[in-house]
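# Structural overview
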Amino acid sequence: MKKKTLTEKQIVKRLISEGRLDDVKDWVFGGKPVRFQDGTSRRQSTLLDFAVNSGFYSMCEILLSGYQWSNGDLEHALFVTIRRRKSYLIHLLLDYNAPIEKLYFEDVAACADVELLDRLVGMGLDPIQHDGFANALNNVRAKPLIRFYKKHLKNIPELKDQLDLALFQAVEDHAVQWTILLLWAGARPDTLVNDKLKSPWRSRTRENEVFQSTAYTEAISRHGIDYLEQTKLIPPADKIHEYLSSAVNNSTSLMKYLLDRISSHEINLTSRGSCEALEMLCYSWNTEEFGFSNAGHRNQENLEKIQLLFESGAVWNPDDDSLRMTRHALYHYSPEYTCKLIKMLVKYKSPPARVFELVKTQKMKVIIKNQDKQLISMIKAMAVSMRARI
């Protein structure tokens, strides 16, 4: 059988992969090709590419010192080395003036090499651009990055905001241990941050798709009591009331957990002396029509949370927009649910004028008449007490 003839590219790749330093030297100094065409690609692969892929430090050093590579060659070799997370080769390429203008902090940070990051930042690499440091913290989750943060915070104060962004992402991902470490490092859970990180590698997010929130809000809206206690992401006693509305879509037990930590006078803080969380629960949309397959369970929890808030001293006194949203939402619920909610509004002495405004439409009157005669009597009694007619 005839032995297959190797191409020059295959021969030199083998020499490099086998670490045959002298043979590679002879190849370069003998005037043999150092670039090869890669299929239809406009860019040619180089011996330097083969060497950095092999990971051999001595081979890379010989090629860097023995040939004048273009900035493009050095830059491409640097990108390859960063993808392979070979810090020692990145340092070597930097020694030979590989350009860093097109590097992104989050890519290099994947190496978790503080000395390398120190060097690159000193050369002008920006850890803030494209939320580079926040992305690195979120993707790598390595302790050396916290060391980098502590070391550079004084000279780059914007790193503080990046830490806050990373904390929000860690809470969103339910990364308990990383959340604890970020809080230990000084991340601020009450800082308002964008809910999406910038990145050169992701499609640009439209402005109307970016919202602002805090780590406290994210934790209270998404996670349970165990998570809050594990991470210590519980707002200070004098701030808990600010996050009560974040719990409306969470469990009844979490709502109770928060209410047990605040006084009744901290619940009704809207300009009308009403409870924002209670208003939100009254106009929430947990119906099958809107994709909630477990609507029955969610509706029962809604009523439990509404009762819990009333028993804790909450007041329902919505403005006109909130009231209209409540009425419109109730049209989409079962008549039984609608009447149970309105009964609670009456029972817990919500302002009669607001209740009458809620039930004044013909459609709402028909729902109540066909479902709950007792509720009609309750509303009439309320009307009599204030000498009003419905």
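Since we're looking at a predicted model, the values are computed, not measured. (Residues numbered from 1 in each chain as written. Predicted model: local features only at pLDDT ≥ 70, side-chain atom pairs only at ≥ 80, totals over all residues. Heavy atoms only, no water.)

Per the stated rule, a full pass over the model turns up 10 aromatic pairs. A centroid spacing of 5.4 Å and a plane angle of 45° characterise the contact between Phe105 and Phe148, whose relative ring orientation is tilted. Taken as a pair, Phe105 in helix α7 (residues 105-109) and Phe148 in helix α10 (residues 143-152) lie far apart in primary sequence, 43 residues in all. Exposure remark for Phe105: the relative accessible area of 2% places this residue in the buried category. Owing to a relative accessible area of 0%, Phe148 belongs among the buried residues under this scheme. Between Phe133 and Phe148 the ring centres are 5.7 Å apart and the planes differ by 40°, which places this aromatic pair in the tilted class. One end of the pair, Phe133, is in helix α9 (residues 132-140); the other, Phe148, is in helix α10, and 15 residues separate them in sequence. Chaining the aromatic ring pairs together yields one cluster made of Phe105, Phe133, Phe148 and Tyr149. The aromatic ring of Tyr257 is capped on one face by Arg261, whose charged end is 3.7 Å from the ring centroid. (Phe/Tyr/Trp six-rings, centres within 6.5 Å; stacked < 30°, edge-to-face > 60°. Helix = DSSP H or I, 4+ residues; strand = E, 2+ residues; numbered from the N terminus. Buried < 20%, exposed > 50% of the residue type's maximum accessible area, 1.4 Å probe, protein only. Lys NZ or Arg CZ within 6 Å of the ring centre and 35° of its normal.)

Turning next to the nonpolar core. Counting 115 residues, the largest nonpolar core has Leu47, Leu182, Leu309 and Ile342 as the members making the most contacts within it. In contact with Leu309, other than residues within four places in its own chain, are Leu244, Met255, Leu259, Cys275, Ala277, Leu278, Leu281 and Ala314. Ala134, Leu165, Val193 and Leu197 belong to the second-largest nonpolar core, a separate cluster that totals 5 residues. (Core = buried A, V, L, I, M, F, W, Y, C linked by side-chain atoms within 4.5 Å. Contact = heavy atoms within 4.5 Å.)

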